[in-house]
Amino acid sequence: MFEQTQIQEFKEAFTLIDQNRDGFIDKEDLKDTYASLGKLNVKDKELEDMLKEATGPINFTMFLNLFGEKLHGTDPEDTILNAFKMFDPDAKGFVHKDELQKLLMTQADKFTSEEVKQMFQSSNIDVAGNLDYKSLCYIITHGEEQEE
């Protein structure tokens with residue numbers, strides 16, 4: 001279901017949420033996690049509804065299963081690819097980085113120049129400035145470059 005690097009990242013997230021370190025995420029852990037993020041007015045019902053998404057106590061295995069269901073319910077890689085394809089009417093598999101930067105910094109949830117720079121550092125861009133968005137989609141969804 002997940003690659004080893006993803007499992008390690010989920011383990012780190014689980015450990016951060018499991019505030020009392022008992023191996024289970026409960027309502028108090030969620031409340032403490034929200035508090036550490038500055039949200040102090042979370043309603044008990046909200047927390048209970050989150051916990052009800054699991055079929056039992058939330059240990060690490062259950063935590064992984066919950067994320068597996070959420071992440072694999074739709075295919076995020078396809079969704080991201082389809083978004084890029086809107087900017088690639090000729091289906092060449094790339095978008096020019098300057099055009100992409102302009103769009104990202106002027107439309108919808110605007111990126112900062114630093115966020116665009118970070119994205120470009122993770123991207124395959126050829127000498128003509130064309131960004132291989134299929135490769136970028138793989139990196140976004142899997143966390144590393146696909147081996148050829």
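Residues numbered from 1 in each chain as written. Predicted model: local features only at pLDDT ≥ 70, side-chain atom pairs only at ≥ 80, totals over all residues. Heavy atoms only, no water.

Further remarks concern the nonpolar core. Ranked by size, the top nonpolar core spans 15 residues in total, and within it Phe10, Ile25, Ile58, Phe60 and Phe63 carry the most contacts. Going through the elements one at a time, helix H1 (4–17) and helix H4 (60–73) are the ones with two or more residues in this core. Apart from residues lying up to four places away in sequence, Ile25 is in contact with Phe14, Ile17, Asp18, Leu30, Leu51, Ile58 and Phe63. (Core = buried A, V, L, I, M, F, W, Y, C linked by side-chain atoms within 4.5 Å. Buried < 20%, exposed > 50% of the residue type's maximum accessible area, 1.4 Å probe, protein only. Helix = DSSP H or I, 4+ residues; strand = E, 2+ residues; numbered from the N terminus. Contact = heavy atoms within 4.5 Å.)

So, about helix H2 (residues 27–36). Along H2, the positions that sit buried rather than exposed are Asp29, Leu30 and Thr33. Projected down its long axis, H2 carries its buried residues within an arc of 100 degrees, all on one side. Those residues of H2 that are buried are in contact with H1 and helix H3 (44–52). Sitting at the head of H2, Asp26 places a side-chain oxygen 3.2 Å from the backbone nitrogen of Glu28. (Arc of directions from axis to C-beta. Polar contact = N/O pair within 3.5 Å; in protein donor to acceptor, adjacent residues only side chain to side chain.)

With that out of the way, let us pick up the layout of surface pockets. Approximately 340 Å³ is the volume attributed to the largest pocket. Together, 14 residues line the largest pocket, and Leu30, Met50, Phe63, Leu66 and Phe67 are the ones closest to its centre. Among the secondary structure elements, those contributing two or more residues to the lining of the largest pocket are H2, H3 and H4. If one sorts the elements of the lining of the largest pocket by residue count, H4 sits on top with 4 residues. Tallied by class, the residues present in the lining of the largest pocket amount to 11 nonpolar, 1 polar and 2 charged. (1 Å grid on protein atoms, 1.4 Å probe; cavity = no way out; pocket = protein on both sides within 12 Å on 5 of 7 lines; lining within 4 Å. Points joined across faces, edges and corners; volume = space filled by probe spheres on them. Nonpolar A, V, L, I, M, F, W, Y, C, P; charged D, E, K, R; others polar.)

On to the pattern of salt bridges, then. This model, assessed by the stated rule, comprises 6 salt bridges. The closest approach of N and O atoms between Lys31 and Asp44, which form a salt bridge, is 3.1 Å. Of this pair, Lys31 sits in helix H2 while Asp44 sits in helix H3, and the two are 13 residues apart along the sequence. A salt bridge links Asp90 to Lys92; the shortest N-O distance between them is 3.9 Å. Take Asp90 and Lys92: they sit in the same class, and that class is exposed. One network of salt bridges, with partners in common, ties together Lys27, Lys31, Asp44 and Glu48. (Salt bridge = Lys/Arg side-chain N within 4 Å of Asp/Glu carboxyl O.)

Turning our attention to the confidence of the model for the protein. Residue-level pLDDT values for the protein average 86, and 89% of them are 70 or greater. Within the protein, H4 has the poorest average pLDDT of any element, 77, and strand E2 (residues 130–132) the best, 96. (pLDDT = per-residue confidence, 0-100.)

What follows deals with the side chain of Ser123. Structurally, the position occupied by Ser123 is in the loop between helix H7 (113–121) and E2. Within polar-contact distance, the side chain of Ser123 engages the backbone oxygen of Met119 at 2.6 Å. Those residues in contact with Ser123 that lie beyond four places of it in its chain are Leu131 and Leu136.

Orientation of helix H6 (residues 97–106) relative to H7, taken along the N-to-C sense of each, is 140 degrees, at an axis distance of 10 Å. Relative to H7, H6 is oriented oblique. Seen from above, H6 lies across H7 with right-handed handedness. When H6 is examined against H7, the residues Lys97, Leu100, Gln101, Leu104 and Met105 are found in contact with a partner set consisting of Ser113, Val116, Met119 and Phe120. Its residues placed into classes, the contact of H6 with H7 shows 6 nonpolar, 2 polar and 1 charged. (Axes fitted to C-alpha atoms, helices over the stretch in contact; angles between N-to-C directions. Parallel < 35°, antiparallel > 145°, perpendicular 65-115°, else oblique. Left-handed = near helix turned anticlockwise from the far one by under 90°.)

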